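# Breakdown of the fold
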Amino acid sequence: MSKSGLIFANHYTKYSPVIQLIQNASTFSNKTAIKSNGQIYIYQDLLAISENIAITLLNGKKDLQEARIAFLVSTGFEYVCLQWGIWRAGGIAVPLCTKHPLPSLQYVIEDIQAEAVIYSPEFAQLLQPLMNQGTTRFLSTFHFKMKRRGDLPDIAPSRRAMILYTSGTTGNPKGVVTTHQNIETQITSLTTSWEWQADDHILNILPLHHVHGIINVLSCALWSGACCEFLPKFDAAKVFEVFNKGEVNLFMAVPTIYYQLIAFWKKLPAKEKQQVSTTLQKFRLMVSGSAALPVSVLEQWRDISGHTLLERYGMTEMGMAISNPYRGERRPGHIGQPLKGVTVRLVDENNQIVKDGTSGEIQVKGANVFKEYWQKSEATQATFTADGWFKTGDIAVLDNGYYRILGRNSVDIIKSGGYKISALEIEEILRTHPKIKECGVVGIPNEEWGEIIGVSLIIEGEEANFDLEDLKAWLKTKLPSYKVPRLFIFQEDLPRNVMGKVTKKELKRLFVN
Ligand code: MCA
Ligand code: AMP
């Protein structure tokens, strides 16, 4: 029996027949779906509350007809109810990042022309300046507490379901639109390849505005009738505490998190080290992705846990595409082979397939690949070849049957802590600072973070009079903290080629030396 106080007894439910994730849930009715905030929620709770949210959102309409509904709530049960409620009402779910400052939230809310923004009370003050402006309705989660009755629309799989924001090589983040069909394909490709079971229990410590946390962890668990347990944020001590209870048997994270877990484990007393290691050995599967997994991290984790991390490769625009096998050789430093249903090729600058052993851009086709960038038809067109291949921008080589990532075709994309960050977006913000004349942002390799953001500043006045702490505080009002540079150098001018263009490779070298 659920411990939630939000449950409506004897609820009747009409399932939108084509959202398979929700239909599946009806077959797991009394099983535990979610553990969060010390509460246990069963699948029937999710169905009942998401239905009520859908009916409330519809407010007498038959279908939200792909209205964009943004939501800003912490990870956990409420998040899932809102996501499912929006889907069941025919809306497009747009999760907002709980770590974003107001300008980043405002950018998304305006870009999607949100019909409504749903927020939990802890975010009311942050969002206050945006309320009562324009046509977007701001609804506290309290708005959904009253029980309502009504019908839900049928949702065709081809309809738009979700928009997630991703940084690119052209300034501001773009909204990646996926359909219900895309999402279903992304989920089933993983649930079959990694053999998800109804008795699985996963711990989710990832943010829920990205594919890794939303699809690979949360949605795969709920599709399978498994339990998804949440911690509100990553904390190595709490992760091991939960693991030691012995319920969790699956874990997925970015390399930085494994790095930090290893560092924490090393500081534990010998007895506790042994306890953690014994617990981890009983896990069914541990996965790493979102950024390159250093072989040193893979090896240290293997020593601690007895597991060779399964490394896989994906992208917001396509979910997962390439993976090491669940059964079979997991090759360190490699991302594996295409998942079932995903077609992959490596091409040169002219879109010609390269010979085996030669590096090329990864291009992908399959029902997993997204529909479009939200209201950016030129960008959408530019990211597909004329014959429909999605151009990832990642460079790889096929090495004895396993793909290995070599880098990206743009120096302006940085991966830090598993987040994809645009150097250009940070530069644009920095140039609006009154004391900054010019700047250049680059990613500097780092074992813990993948890359650390570095910036070269050309400033007005003397370096001695420039307060870096002030600059960091200023940046944090404009950007989420993971986009704030950590390394700073001052220059008279940026390194440039004969055409006057900034040479980022040269700039990177200045940080390393
Ligand atoms: C935080 N810190 C950093 C960075 N972030 N230092 C350098 N570089 C960074 N990027 C420092 C802070 O300054 C602070 O230090 C300390 O770390 C803690 O900061 P906090 O913000 O609390 O960090 P955190 O919450 O512990 O975050 C670290 C994290 C997080 C858990 C690794 O970055 C994270 O959740 N990453 C996962 C992102 C993700 O899910 N990506 C998937 C997207 P001090 O206290 O000294 O100031 S990619 C995707 O979805 C595709 C499809 C795929 O393939 O998966
Ligand atoms: P995002 O845009 O946040 O979805 O990040 C997708 C990008 O993360 C990909 O284009 C890759 O550059 C990177 N990525 C994801 N998984 C891996 C991996 N296993 N190894 C190297 N890079 C990865």
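Going by the structure above, here's the rest.
Residues numbered from 1 in each chain as written. Chains lettered and ligands numbered in written order. Predicted model: local features only at pLDDT ≥ 70, side-chain atom pairs only at ≥ 80, totals over all residues. Heavy atoms only, no water.

## So, the site of ligand 2
In the vicinity of ligand 2, 16 residues are found, and the nearest of them are Arg312, Thr316, Asp394, Lys415 and Lys420. Take Glu311: an N or O atom from its side chain is 2.9 Å from a nitrogen atom of ligand 2. Side-chain polar atom of Thr316 to an oxygen atom of ligand 2: 2.6 Å apart, as the coordinates give it. Contact with the protein chains covers 93% of the free accessible surface of ligand 2, which is 490 Å². When residues of the shell around ligand 2 are traced back to their parent elements, those giving at least two are β13 (310-315) and β20 (402-408). Counting residues per element, the shell around ligand 2 draws most heavily on β13, which supplies five residues. (Near = heavy atom within 4 Å. Polar contact = N/O pair within 3.5 Å; in protein donor to acceptor, adjacent residues only side chain to side chain. Areas by Shrake-Rupley, 256 points an atom, 1.4 Å probe, with all protein chains shown as cover. Helix = DSSP H or I, 4+ residues; strand = E, 2+ residues; numbered from the N terminus.)

## A look at the pairing of strand β4 (residues 92-95)
Residues of β4 alternate between two faces, with Ile92 and Val94 on one and Ala93 and Pro95 on the opposite face, all of them buried. Of the strand pairs in this sheet, strand β3 (residues 68-72) and β4 are connected by four bridges, and their pairing is parallel. When the sheet's bridge partners are listed, Phe71 is paired in β4 with Pro95. Between the parallel elements β3 and β4, the chain passes through helix α3 (residues 77-88) in a crossover that is right-handed. (Buried < 20%, exposed > 50% of the residue type's maximum accessible area, 1.4 Å probe, protein only. Pairing = 2+ DSSP bridges. Right-handed = clockwise from strand over helix to strand, strands pointing away.)

## Overview of the site of ligand 1
Around ligand 1, a shell composed of 25 residues is seen, among which Lys99, Ser290, Arg312, Gly417 and Arg486 lie nearest. Separating an oxygen atom of ligand 1 from a side-chain N or O atom of Lys99 is a distance of 2.6 Å. Here a nitrogen atom of ligand 1 sits 2.8 Å away from a polar atom, N or O, in the side chain of Ser416. Computed on the free molecule, ligand 1 has an accessible area of 1100 Å², of which 76% lies beneath the protein chains in the complex. Among the elements of the structure, α7 (211-224), α9 (255-266), β13 and β21 (413-416) are those that each provide at least two residues to the shell around ligand 1.

## So, the sheet that holds strand β16 (residues 343-347)
If you walk across this open sheet you meet the four strands as β16-β17-β19-β20, and the pairing is antiparallel. Of all strands in the sheet, those with a lone pairing partner are β16 and β20, marking the two edges. Each strand of the sheet is rotated relative to its neighbour by a mean of 45°, with strand direction disregarded. Two elements, strand β17 (residues 360-365) and strand β19 (residues 390-399), share four bridges in a ladder whose sense is antiparallel. When the sheet's bridge partners are listed, Val364 is paired in β19 with Phe390. (Axes fitted to C-alpha atoms, helices over the stretch in contact; angles between N-to-C directions.)

## Topic: the side chain of Thr191
Turning to its location among the elements, Thr191 is positioned in helix α6 (residues 180-193). Ignoring sequence-local partners within four residues, the contact set of Thr191 consists of Trp196, Cys220, Trp223 and Ser224. (Contact = heavy atoms within 4.5 Å.)

## Overview of the packing of aromatic side chains
Applying the stated criterion across every chain, the model contains 16 aromatic pairs. Ring geometry for Tyr419 against Tyr482: centres 3.5 Å apart, planes inclined by 5°, an arrangement best described as stacked. Here Tyr482 lies in the loop between α14 (468-476) and β25 (487-490) and Tyr419 lies in strand β22 (residues 419-422), a separation of 63 residues in the sequence. Using a relative accessible area of 12% as the deciding quantity, one classes Tyr419 as buried. When the centroid spacing of 5.6 Å and the interplanar angle of 70° are considered together, the rings of Phe466 and Phe490 count as edge-to-face. Note that Phe466 is positioned in the loop between β24 (450-459) and α14 and Phe490 in strand β25, a separation of 24 residues in sequence. For Phe466, a relative accessible area of 9% corresponds to the buried category. On the basis of relative accessibility, which here comes to 23%, the residue Phe490 falls in the partly exposed class. An aromatic cluster of three or more residues is present, and its members are Phe240, Phe243, Phe251, Tyr258, Phe264, Phe283 and Trp301. Just above the ring of Trp265 sits the side chain of Lys273; from NZ or CZ to the centre is 5.2 Å. A cation over a ring is seen here: Arg331 above Tyr402, with NZ or CZ 3.9 Å from the ring centre. (Phe/Tyr/Trp six-rings, centres within 6.5 Å; stacked < 30°, edge-to-face > 60°. Lys NZ or Arg CZ within 6 Å of the ring centre and 35° of its normal.)

## Digging into the side chain of Gln363
Structurally, Gln363 can be placed in strand β17. Here Arg345 takes part through its side chain, which lies 2.8 Å from a polar atom of the side chain of Gln363. A distance of 3.0 Å separates polar atoms of two side chains, one belonging to Gln363 and the other to Glu361. Residues within four places of Gln363 in sequence aside, it is in contact with Thr343, Val344, Arg345, Val347, Asn351, Thr385, Trp389, Phe390 and Lys391.

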